[in-house]
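Residue-level structural notes
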Amino acid sequence: MKQSIGSTFVINFIVIFIVVMFAFLLGIMSYMKGFKVNSYIGNAIENNEGYNALATKEINRVLNGLGYKIDGTGASGCPVKKGARAINKGQNYRYCVYEYAKKNGYIKYGVITYISVDVPVVAQTISLPVYSETDRIYEFGSGT
C-alpha cells in the first residue's frame, strides 16, 4: 500500500513541475516578443533620425506585419516616464514614445510596448509594459 501512495505523489509532482515549466517558458516567449517589438520601433526611430511622420509610417507597417494587437486607445493610456509625457498621438496601436536628453547635441527616445496576456480563469486581459531606450541620435548643425 505504501508503494502506490508514493508513486502517485511522484507522478503528481512531475505533472505540476511540467505545467509550471511550460507556463514559465510561455511567459519568457511573450516577454521576448515585447522586446522584439520595442527593438523594431527603436530601429524605425533611429533610421529616420527621430520620431517623425516617416518613423510613424514604418512603425505602423512593422506592427501590422508582426500581428501586434490593435488598440483604439492609442497613447491616451501612456504613463509619465522620467518626467516626460508621451509624444505620440492618435495611433491604432498601444505604444508610447518619449523624448529624453535634448542636450549636448543629441536626443534619446524611450519606448514602452505592452504584452497582452489573457487569463482564462477570470476572463480578463492583463497588459504588461516592456520598456527600452534608443541609442543617441545626434543633431548635427544645431547649436554652435
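These numbers were taken from a predicted model, which means no experiment stands behind them. (Residues numbered from 1 in each chain as written. Predicted model: local features only at pLDDT ≥ 70, side-chain atom pairs only at ≥ 80, totals over all residues. Heavy atoms only, no water.)

Even without glycine at this site, Glu49 takes up a positive phi of about 55 degrees. By secondary structure assignment, the location of Glu49 is in the loop between α1 (2-47) and α2 (53-66). Here the phi dihedral of Lys82 falls at roughly 55 degrees; this positive angle occurs in a residue that is not glycine. Positionally, Lys82 belongs in the loop between α2 and β1 (95-103). (Helix = DSSP H or I, 4+ residues; strand = E, 2+ residues; numbered from the N terminus.)

With ten bridges joining them, strand β2 (residues 106-119) and strand β3 (residues 124-133) adopt antiparallel strand pairing. Bridge assignment links Ile115 to a residue of β3, and that residue is Leu128. Where β2 folds back on β3, the antiparallel hairpin that results is connected by four residues, among which Ala123 adopts a positive phi of roughly 55 degrees. (Pairing = 2+ DSSP bridges.)

Attention shifts here to the nonpolar core. By size, the foremost hydrophobic cluster in this structure holds 23 residues, and its most contacted members are Ile41, Ile45, Ile59, Leu63, Tyr95 and Tyr98. Of all elements in the fold, only α1, α2, β1 and β2 reach the threshold of two or more residues within this core. If sequence neighbours within four positions are ignored, Ile41 has contacts with Ile59, Leu63, Tyr95, Val111 and Thr113. (Core = buried A, V, L, I, M, F, W, Y, C linked by side-chain atoms within 4.5 Å. Buried < 20%, exposed > 50% of the residue type's maximum accessible area, 1.4 Å probe, protein only. Contact = heavy atoms within 4.5 Å.)

The subject of this paragraph is the pattern of salt bridges. Once their charged atoms are close, side chains differing in charge can pair, the charge on each being opposite to the other. In this structure the tally under the stated criterion is two salt bridges. The closest approach of N and O atoms between Lys108 and Glu133, which form a salt bridge, is 3.6 Å. Of this pair, Lys108 sits in strand β2 while Glu133 sits in strand β3, and the two are 25 residues apart along the sequence. What you see here is one network of salt bridges that share partners, running through Lys82, Lys108 and Glu133. (Salt bridge = Lys/Arg side-chain N within 4 Å of Asp/Glu carboxyl O.)

Moving on to the side chain of Asn38. As for its placement among the helices and strands, Asn38 is situated in helix α1. Apart from residues no more than four positions distant in its own chain, Asn38 is found in contact with Val111, Ile112, Thr113, Val130, Tyr131 and Ser132.

For the rest of this paragraph, the subject is the environment of Leu63. Its place among the elements puts Leu63 in helix α2. Distance from Leu63 to Asn92, taken between C-alpha atoms, is 9.9 Å for residues 29 residues apart in sequence. Excluding its chain neighbours within four sequence positions, the residues that come into contact with Leu63 are Val37, Ile41, Tyr68, Tyr93 and Tyr95.

The subject of this paragraph is the layout of surface pockets. For the largest pocket, the calculated volume is near 340 Å³. Forming the boundary of the largest pocket are 15 residues, of which Tyr68, Lys69, Tyr114, Ile115 and Ser116 lie nearest the centre. Looking at the lining of the largest pocket, the elements that each hand over two or more residues are α1 and β2. The greatest single-element share of the lining of the largest pocket, amounting to five residues, is contributed by α1. For the lining of the largest pocket, a count of residues per class yields six nonpolar, five polar and four charged. (1 Å grid on protein atoms, 1.4 Å probe; cavity = no way out; pocket = protein on both sides within 12 Å on 5 of 7 lines; lining within 4 Å. Points joined across faces, edges and corners; volume = space filled by probe spheres on them. Nonpolar A, V, L, I, M, F, W, Y, C, P; charged D, E, K, R; others polar.)

The next subject is the pairing of β2. Residues in a regular strand point their side chains to alternate faces of the sheet. Bridge count between β2 and strand β4 (residues 137-138): two bridges; the pairing is antiparallel. Looking across to β4, one finds that Ile107 is bridged to Ile137.

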